[in-house]
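# Topology and contacts: notes
Chain by chain, the residues run as shown.
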Amino acid sequence: MSCLAFVANATDGTVTTFSLDDDAVLRRLAVSEIGPGCSSLVVNAERRQLHASVKGDPPAIVTCRIGDDGRLVPVSRGQVESSVSYLALSPDGGTMLAASYGGGFGISMPVHDSGVGEVVSRIDLPHMHSCAVGPEGRTAYFVSLGADLIAQCALDGATLTPLDPPTAAAPTGSGPRHLVLTRDGAHVYVMTEFSGDVLHYSRSDQGVLALVGQAAAFAPDRGLRHSRLGADPIADHLIWGADLHLSLDERTCWASERSESTLATLRIDADGTPHPAERFTPAEKQPRGFAVSPDGRYLLCAGEKSTTVSLFRITPDGGLAASGQFETGRGANWVRFLSA
């Protein structure tokens, strides 16, 4: 196995490129200047492009060419109304979704060889935090942390049309944040920021979501309490959920919690039902973002308050075995992989 790993360092405004080989060692290949507040990353393998959101003045989506040496070469800068917190690509790479937490909107745009095009569709809901395209490329989802809702839309090219109903509810006050879909699209999992749960939704053939269960993904013995919008999770020792990802076989889900800096391991039944986490692995300080390697053997975690990333080997039972820490940059908050 050989692949590239990209880590966004928001404070430095850079992206670090690593290689990951069979010896379970990350080797730093390059550190590329992208822009202030560099955060969400999405990789287009076919075009060999990386898109990154930057805050800046004005905020933008920066499209970079991935060089053979791992260095990122910016080729375009698509201005956006407000900084975006999450980027997602359609399976064919022709459409991009973006969610803006501060701006309270989700948008869709075409993607060209030279970068992103003009906004085609827009949805407004408070504190949008993430987005995703269904595996068939015909549906799109935007998570509104502020309204405890998931907007669900048909996607035709870069045009969004609300489904019926246009939203799916999350539990009141849970603060839904990040979501992932299974490869067949039958199940959707959402990590909540305030309650620290993994919400489980079933998904119809038309793309409509229905909440069918939830499972706790925070350490119950750490004294954490339910959080709320505008609270200081560190000062008040509140739940502060962030990211989640599935294993290659989709029988395990990992979720990060930032107040106690843990990665929770949740077992998932064959029918898609998640079980409350029973294992909690110490991670980088304030683990906002992480990702699973393309071959499913490793998990790489970044922390907002750390200048290193942690590499874990995934054990057969879904556990995480530490394989080392590696220098990256300040404010590391996002991880994405590209098969070599």
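Here is a short report on the structure shown in this document.

Reading the values: the criteria
- Residues numbered from 1 in each chain as written.
- Predicted model: local features only at pLDDT ≥ 70, side-chain atom pairs only at ≥ 80, totals over all residues.
- Heavy atoms only, no water.
- Phe/Tyr/Trp six-rings, centres within 6.5 Å; stacked < 30°, edge-to-face > 60°.
- Helix = DSSP H or I, 4+ residues; strand = E, 2+ residues; numbered from the N terminus.
- Buried < 20%, exposed > 50% of the residue type's maximum accessible area, 1.4 Å probe, protein only.
- Salt bridge = Lys/Arg side-chain N within 4 Å of Asp/Glu carboxyl O.
- Pairing = 2+ DSSP bridges.
- Axes fitted to C-alpha atoms, helices over the stretch in contact; angles between N-to-C directions.
- Core = buried A, V, L, I, M, F, W, Y, C linked by side-chain atoms within 4.5 Å.

Quick look at the packing of aromatic side chains now. Tallied over the entire structure, the rule returns 1 aromatic pair. Taking the centre distance of 5.2 Å and the plane angle of 75 degrees together, the rings of Tyr86 and Trp334 count as edge-to-face. In this pair, Tyr86 is assigned in strand 8 (residues 86-89) and Trp334 in strand 29 (residues 332-339), connecting sequence segments 248 residues apart. On the basis of relative accessible area, Tyr86 is assigned to the buried category, the value being 7%.

With that out of the way, let us pick up the pattern of salt bridges. This structure, assessed with the given rule, holds 18 salt bridges. For Asp23, the salt bridge identified is with Arg27, shortest N-O distance 2.5 Å. Residue classification places Asp23 among the partly exposed positions, given a relative accessible area of 40%. A salt bridge links Arg122 to Asp124; the shortest N-O distance between them is 2.9 Å. By relative accessible area, which is 38% here, Arg122 ends up partly exposed. On the basis of relative accessible area, Asp124 is assigned to the partly exposed category, the value being 48%. Linked through salt bridges whose partners overlap, the residues forming this network are Arg177, Glu193, Arg258, Arg288 and Glu304.

We now examine the sheet that holds strand 29. Each strand in a sheet pairs with its neighbour through backbone hydrogen bonds, running either in the same direction (parallel) or in the opposite one (antiparallel). One open sheet holds the 4 strands; their spatial order is 3-2-1-29, and the pairing between them is antiparallel. Two strands in the sheet have a free side with no partner beyond their single neighbour: strand 3 (26-33) and strand 29. Mean inter-strand twist for the sheet, computed between neighbouring axes without regard to direction, equals 20 degrees.

With that out of the way, let us pick up the sheet that holds strand 17 (residues 176-181). Taken in spatial order, the 4 strands make up an open sheet running 17-18-19-20, and their pairing is antiparallel. Looking at which strands have only one partner, the edges of the open sheet turn out to be strand 17 and strand 20 (209-216). With direction set aside, neighbouring strand axes in the sheet form an average angle of 25 degrees. Of the pairings in the sheet, the one linking strand 19 (residues 197-203) to strand 20 comprises 7 bridges and is antiparallel in character.

Cis geometry is adopted by the peptide bond preceding Pro58, which originates at Asp57 and carries an omega value of 10 degrees. With an omega of 5 degrees, the peptide bond running from Asp164 to Pro165 counts as cis. With respect to the helices and strands, the residue Pro165 is situated in strand 16 (residues 159-169). Of note, His237 is a non-glycine position whose phi angle comes to about 55 degrees, a positive value. Structurally, His237 can be placed in the loop between helix 1 (233-236) and strand 21 (241-246). With a phi angle near 55 degrees, Gln286 is a residue other than glycine that sits in the positive phi range. Within the secondary structure, Gln286 sits in the loop between strand 24 (279-282) and strand 25 (289-292).

Core analysis: the largest hydrophobic core is formed by 34 residues, its most contacted members being Phe6, Ile34, Leu41 and Phe142. The next biggest cluster of nonpolar side chains, apart from the first, holds 17 residues, and it includes Leu20, Leu300, Ala332 and Val335.

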